[in-house]
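Coordinates in review
Chain by chain, the residues run as shown.
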Amino acid sequence: MSIRQRLYPESGQVAGLVEHCHHARFVFNIGLEQRSMWRRDKHLRGPLSVPRVNAASQMRELAQLRAGTDWLRAGSSSVQQAALRDLDRAFMNFFAGRAKYPRFKRRSDREGSFVVRDLSVRRLNRKWGEVAVPKIGRVRFRISREWAQITCASSARVTHKNGRWHVAFTIPAPARFEPGTGPAVGIDRGVANTLALSDGHMLQAPSLTKFEQARFLRLQQRLARQQKDSQRRGKTLEALVVLRGRLENRRADWVEQTTTALACTHSVVAVEDLRIRNMVRRPKPKPAPGNPGVFLPNGARAKAGLNRAILASVWGRFLIRLEHKMPEGTLLRVDPRNTSLTCAVCGHCAHGNRESQAVFQCQSCEYTAHADTNAALVILDRALNTTTAAGHAVPGRARPVTAGNANQLAA
Ligand SMILES: [Zn+2]
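Because the structure is a prediction, the values reported are computed rather than measured. (Residues numbered from 1 in each chain as written. Predicted model: local features only at pLDDT ≥ 70, side-chain atom pairs only at ≥ 80, totals over all residues. Heavy atoms only, no water.)

1. Structural notes on the coordination of the zinc ion
Rules: Each metal site is built from N, O and S donor atoms within 2.8 Å (3.2 Å for Na, K and Ca), and since water is not included, such sites may look incomplete. The geometry test gives tetrahedral to four donors whose angles all lie between 85 and 135 degrees, gives square planar to four donors and octahedral to six donors whose opposite members are over 155 degrees apart with all other angles between 65 and 115, and gives irregular to the rest. Helix and strand definitions here come from DSSP, where helices need a minimum of 4 consecutive H or I residues and strands a minimum of 2 consecutive E residues; each element is numbered from the N-terminal end.
Within the first shell, the zinc ion binds the protein through Cys343 (SG), Cys346 (SG), Cys362 (SG) and Cys365 (SG), at distances of 2.2 to 2.4 Å. Around the zinc ion, the four donor atoms sit at angles spanning 107 to 115°, and that spread fits a shape best called tetrahedral. For the zinc ion, the single-chain donor residues occur in sequence as C-x2-C-x15-C-x2-C. On the criterion of sequence distance, the pair formed by Cys343 in the loop between strand S14 (331-334) and strand S15 (359-361) and Cys365 in the loop between S15 and strand S16 (368-370) is long-range, its members being 22 residues apart.

2. Let's talk about the pattern of salt bridges
Selection rule: When a carboxyl oxygen of Asp or Glu is within 4 Å of a side-chain nitrogen of Lys or Arg, the pair counts as a salt bridge.
Under the counting rule described, the total for this entry stands at 13 salt bridges. Across the pair Glu212 and Arg250 runs a salt bridge whose closest N-O atoms are separated by 3.1 Å. Taken as a pair, Glu212 in helix H6 (residues 210-225) and Arg250 in helix H7 (residues 231-265) lie far apart in primary sequence, 38 residues in all. Connected through shared salt-bridge partners, Glu212, Arg246 and Arg250 make up one network.

3. So, the packing of helix H1 (residues 11-41) against helix H4 (residues 77-95)
Short version of the rule: A fitted line through C-alpha atoms represents every axis, and for helices the fit uses only the stretch in contact; the resulting angles, taken between N-to-C directions, go from 0 to 180 degrees. Each angle gets one of four labels, with under 35 degrees taken as roughly parallel, over 145 as roughly antiparallel, 65 to 115 as roughly perpendicular, and the rest as oblique. The hand of a helix crossing depends on one turn: near helix anticlockwise from the far one by less than a right angle means left-handed, and clockwise means right-handed. Here, residues are in contact when the closest pair of their heavy atoms is within 4.5 Å. Residues were grouped as follows: Ala, Val, Leu, Ile, Met, Phe, Trp, Tyr, Cys and Pro as nonpolar; Asp, Glu, Lys and Arg as charged; and all remaining residues, including Gly, as polar.
Two elements in contact, H1 and H4, have axes whose closest approach is 8 Å; the angle formed by their N-to-C orientations is 45°. Taken together, H1 and H4 sit at an angle that is classed as oblique. The interaxial crossing formed by H1 with H4 has right-handed handedness. Contact residues: H1 offers His20, His23, Ala24, Val27, Phe28, Gly31, Leu32, Arg35 and Arg39, while H4 offers Val79, Gln80, Ala83, Leu84, Asp86, Leu87, Asp88, Phe91, Phe94 and Phe95. Looking at the contact of H1 with H4 residue by residue, the classes come out as eleven nonpolar, four polar and four charged.

4. Some words on H4
This is how it is decided: Every helix has an expected span of 1.5 Å times one less than the residues it contains. For the exposure calls, accessible area comes from a 1.4 Å probe over protein chains only, and a residue counts as buried if that area is under 20% of its type's maximum, exposed if over 50%, partly exposed in between. Identification of polar contacts relies on pairs of N or O atoms within 3.5 Å, with a donor-acceptor requirement for protein atoms, meaning one able to donate a hydrogen and the other able to accept it, and with residues adjacent in sequence counted only if both atoms are side-chain atoms.
The terminal C-alpha atoms of H4 lie 27 Å apart, and with 19 residues this matches the ideal 27 Å at 1.5 Å per residue to within 8%. Along H4, the residues that are buried comprise Val79, Gln80, Ala82, Ala83, Leu84, Asp86, Leu87, Ala90 and Phe91. In this structure, the buried residues of H4 make contact with H1, helix H2 (55-68), helix H3 (70-74), strand S2 (112-116) and strand S6 (155-161). Taking the backbone nitrogen of Ser78 as reference, a side-chain oxygen 3.2 Å away marks Ser76 as the first, capping residue of H4. Two residues or fewer past H4, Gly97 is found with a positive phi of approximately 80°.

5. Considerations on the nonpolar core
Just so we agree on the cut-off: In these notes, a set of buried Ala, Val, Leu, Ile, Met, Phe, Trp, Tyr and Cys residues joined through side-chain atoms within 4.5 Å is what counts as a nonpolar core.
If you look at the biggest cluster of nonpolar residues, it comprises 32 residues, and the most contacted ones within it are Leu7, Phe114, Phe141 and Phe169. Broken down by element, the residue count for this core peaks at seven residues, all from H1. If you look at the next biggest cluster of nonpolar residues, it comprises 18 residues, including Leu195, Trp254, Ala263 and Val269.

6. Observations concerning the pairing of strand S11 (residues 269-272)
On a regular strand, each side chain points to the face opposite its neighbour's, so the side chains alternate between the two faces of the sheet. Rules: Two strands qualify as a pair provided that DSSP identifies no fewer than 2 bridges between them.
Because side chains alternate across S11, one face comprises the buried residues Val269 and Val271, and the other comprises Ala270 and Glu272, equally buried. Judged from the four bridges that link them, S11 and S14 form a sheet pairing that is parallel. Bridge pairing in S14 places Glu272 opposite Val334.

7. A closer look at the environment of Ala153
Here Ala153 shows up in the loop between helix H5 (147-152) and S6. Taking the relative accessible area as the measure of exposure, Ala153 reaches 10% and is therefore buried. Aside from chain neighbours lying at most four places away, what touches Ala153 is Leu119, Phe169, Thr170 and Ile171.

8. So, the pairing of strand S4 (residues 128-133)
Where burial is concerned, most of S4 is hidden: five out of the six residues are buried. As paired elements, strand S3 (residues 121-123) and S4 share three bridges and run antiparallel to each other. Note that in S4 the partner of Arg122 across the bridge is Glu130. Hairpin connection, S3 to S4: the antiparallel pair is bridged by four residues. Bridge analysis of S4 against strand S5 (residues 137-142) gives six bridges, and the strand direction is antiparallel. Bridge pairing in S5 links Val133 to Gly137.

Following this line, the structure appears as C-alpha cells:
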C-alpha cells in the first residue's frame, strides 16, 4: 500500500531528481542483464561455470562498480542500492508467479522513478510537507492525506511521469475491507460498456471528452509529421503527455471507487482469466473497390489503438486493485472462452445466439438479454459451479485466487 502525494521540486532540484532516476534505471538494467545471463548460463559446468548471481552478489558488485565509475559514484549509493532491491523484488514476484519476467527500463528524461530509503519527512504547515532526498535535500510535497499515515512510511518512491513528480509513501497494508456479504456477481468486460455485471448493472470507465479525443488524434497526426528532435515536436509531445495524464488520473479514480464498491458489496466476484487475451476487435478492413487485395485506410486505426490500450490498462489495474480489496479466495477467475456465445440459462453455445453486438437471444431456449449481461451471468455460473448450465463438468475452470497465483494475470 502506498500514499501518493504530488511533489513540487524547486527548479534547482529537478536535475538532481532526474539524475537519480537515470542512475536507478542504469543499475536496475545492468543488474537485470547480469541475472538474465546467469539464468542462461547457469547450467554450464567446468571452466565455463558462472558464479551465482543474487541480490547479495549484486550489492557487492555495485560497490565495485561505483568505485570505478566517477559519474555513478557522484550519485547516491542508497538510491542505487534501492534499485537493486527493486530488481530483487521483481524477480521474487516472477518466481512466485505474480508477475512476468522483469523488463528493461527505457531511458527517458520524461519519466522514471527511484526509491528513497530511511525516510525522513517533516511537516511545514497544514498543506505542505518535506521529504529528504539523498544528495538533493528537502523537497516539498503537498499534503492531501492524513499526516499520521505518512509518518508511518519507512520508504518512498519518487516518480516522474507526464511532466509531474510524485512521491509514494509505502505504508503497511491496512486490514482488508469488511468483506461484502451480498450476492456473488459475475463481471464481463467490453468495449461499449467497460464492465457489465451479472445483476444487470453497466459500469462505464471515464474517458477523454469528445473534444479531448479529437485533440488527441490531431496531436498524434501532427507528431507523425514533425521532425525528430525538433522543438515543435517537443511541444506536441508535451501536450500529448498532459492529455494522457488527465485520462490516467480519471481512470485511476474510477478504478479505486469501483473496486471498493464491489468488494464491499459482494461476497464473491467472478471475472474472466486474462491470460487468454482477446481484447478489442480490430476495425473492419475497407477493401478498395475494383482492386482486390488492396485496402483503403479505414480511419479507425488510430482511435482503435487508443481505445485498446486504454481498455487493456483499465482492466489490468481493475483486477489488481480488486484482488487487493477482496478477501482471499473470493475473486474467482474462469476460462473466458465463448462466454459471449453461451446461453446463461440452458448452456447452448452458438454464433447464432448473438443477435447483434448488444442483444443475446438463445436459439435453443429463446432466453433474451443484453449480450454483456448474459456473458457476465455465464462467467458467474462457471465460477460458482465449475459446471456449465447444461451440466457438463468442467474441472479446473474456476480457480480461487491464492497468494501463489495472485497477480499472475496482471502481468
Ligand atoms: Zn438457452
